[in-house]
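Given next are the chains, with one letter for each unit.
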Amino acid sequence: MNTSHHISNQNELEQLIERYFDGETSIQEEQLLREALANSQWTSETIDEARFAMGYFTAHRQERKEASKFNRISIIGIAATIAILLTVGIPALSHRWSTPQPEYIAYVNGKVIANNQEAVMSLIEQDLNNMGMATHEMDNAIADDMNDISDATQYMTNELSSLGEAIELDD
Amino acid sequence: MKRISIIIAVMALATLPALAQSGLHINSLFDGRYKKNPYAAEYIVTGPAALDIDLEIYHSLKVTQKEQQELIESLVNKDGATAIDKEVQLRNGKIYYGFYVLPPSKKKLNRYIFFLNQNLAKKSPKNMVTLIYMEGKATPSQIKHLIRK
């Protein structure tokens, strides 16, 4: 390995990186490697990984950094948009899905009356009125039955009372 | 993709019982058979606060055909047998008026059935049987108030 104070080509740099990660480099070589990573314009998967691993994002990478920053901003923007849609949109949509909008439909003698709230509600009102009248009629019938029972009880009481008085008179 | 398809299929199957309001005999009457019947009327209101109270479903039927009236009464009788509360008046051995509070649905919603046979009315009888099914969070007293107002 060339241990002079200069790395002359990309291949040499990659070999030095491999030796660095294998723990075979001297302090001088590590210094050389750092300088090369910081100052050279060579790029490859190995070199880029070494730069990331060793924390080098040097000036010569500025253009790429700008592009990468733009890409990162775009990705962050898209991710944020998706996150907002997920957190706000889906609950709102699911609320809408789980809460169907009011729907009024009537089929009268084979004809359909759809989405006419006023007409359908008018028909339903008639149904409810009929039910209400029947309920009142039933309430009245129950009241009548109770009155009949009460009258019968009173009649029986009076009869028993008269019978008791007659027995007393006989005695 | 296959896994997603299976999940969607399972979810779709899971929603079917909820949509079908399973467990009620009268549910079979609401299969659309009366929509084109010239001797029947069917009213459907679905959605939040149907009829301005806490109801999600209002579904009613009115029929004039004798055999249909008898069918409705028989199914109401079956569902009425499972009611947790009921008010029923019989006339001539038939249901004249019935109000049934059914066990809550799987969605924990209250369910009610009203039945009225106006053939048996003392005042102004007419050839009409009405069935009303209601489902929602509304309480029995709210339902009673709805028909008494």
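Residues numbered from 1 in each chain as written. Chains lettered and ligands numbered in written order. Predicted model: local features only at pLDDT ≥ 70, side-chain atom pairs only at ≥ 80, totals over all residues. Heavy atoms only, no water.

Draft legend 1. Quick peek at the overall build of chain B. The helix and strand inventory of chain B stands at three helices and six strands. Of all 149 residues assigned to chain B, the portion counted as buried reaches 47%. In chain B, once contacts between residues fewer than 6 apart in sequence are set aside, the share between residues at least 24 apart is 51%. Taken as a whole, chain B presents about 7800 Å² of accessible surface, with 59% of it coming from carbon and sulfur. (Helix = DSSP H or I, 4+ residues; strand = E, 2+ residues; numbered from the N terminus. Buried < 20%, exposed > 50% of the residue type's maximum accessible area, 1.4 Å probe, protein only. Contact = heavy atoms within 4.5 Å. Areas by Shrake-Rupley, 256 points an atom, 1.4 Å probe, with all protein chains shown as cover.)

Draft legend 2. Quick peek at the side chain of B:Gln89. Here B:Gln89 lies in strand β3 (residues 85–91). B:Gln89 sits in the buried class, given a relative accessible area of 15%.

Draft legend 3. Molecular detail of the interface of chain B and chain A. Facing the 37 residues of chain B at the interface are 29 residues of chain A. Summed over both sides, the interface of chain B with chain A buries roughly 2800 Å², with 59% coming from carbon and sulfur. On the chain B side of the contact with chain A, B:Tyr43, B:Ile147 and B:Arg148 bury the most area, a combined 20% of that side's loss. In this structure, B:Lys62 engages A:Asp127 in a salt bridge whose closest nitrogen and oxygen atoms are separated by 3.2 Å. Linking chain B to chain A there are eight residue pairs in polar contact (both at pLDDT 80 or more). (Buried area = accessible area lost by both parts, 1.4 Å probe. Salt bridge = Lys/Arg side-chain N within 4 Å of Asp/Glu carboxyl O. Polar contact = N/O pair within 3.5 Å; in protein donor to acceptor, adjacent residues only side chain to side chain.)

Draft legend 4. Region of the structure containing the confidence of the model for chain B. Model confidence for chain B is summarised by a mean pLDDT of 85, while 85% of its residues fall at 70 or above. Scored below 50 in pLDDT, residues 4–21 of chain B makes nine contacts in the model with residues more than four places away or belonging to other chains. (pLDDT = per-residue confidence, 0-100.)

Draft legend 5. Representation of the sheet that holds strand β2 (residues 55–63) of chain B. Strand order in the open sheet made by the eight strands is β2(A)-β1(A)-β1(B)-β2(B)-β6(B)-β5(B)-β4(B)-β3(B), with antiparallel pairing throughout. With one partner strand each, in any of the chains shown, β2 (111–114) of chain A together with β3 of chain B form the two edges of the open sheet. Taken pair by pair, the neighbouring strands of this sheet meet at an average axis angle of 5°, ignoring direction. The sheet contact formed by strand β1 (residues 103–108) of chain A and strand β1 (residues 40–46) of chain B spans six bridges and is antiparallel. Within β1(B), the residue paired with A:Tyr107 across the bridge is B:Glu42. Each of β2, β3, β4 (94–102), β5 (110–117) and β6 (129–136) of chain B is contacted by helix α2 (residues 66–80) of chain B, which is oriented at about 40° to β4(B), the strand it contacts most. (Pairing = 2+ DSSP bridges. Axes fitted to C-alpha atoms, helices over the stretch in contact; angles between N-to-C directions.)

Draft legend 6. Structural view of the packing of aromatic side chains. Residue and element names in this part refer to chain B. Within the structure shown, the criterion is met by three aromatic pairs over all chains. With a centroid separation of 6.0 Å and 10° between ring planes, the pair formed by Phe99 and Tyr112 is classed as stacked. With a gap of 13 residues between them, Phe99 in strand β4 and Tyr112 in strand β5 connect regions that are remote in the sequence. The class for Tyr112 is buried, based on a relative accessible area of 0%. Taking 4.5 Å as the distance between ring centres and 25° as the angle between the ring planes, the aromatic pair formed by Phe99 and Phe114 counts as stacked. Pair noted here: Phe99 is in strand β4 and Phe114 is in strand β5, with a separation of 15 residues, a long-range link. With a relative accessible area of 0%, Phe114 lands in the buried category. In this structure an aromatic cluster arises from ring pairing among Tyr97, Phe99, Tyr112 and Phe114. It is Arg91 that lies over the ring of Tyr96; its NZ or CZ is 3.8 Å from the centre. (Phe/Tyr/Trp six-rings, centres within 6.5 Å; stacked < 30°, edge-to-face > 60°. Lys NZ or Arg CZ within 6 Å of the ring centre and 35° of its normal.)

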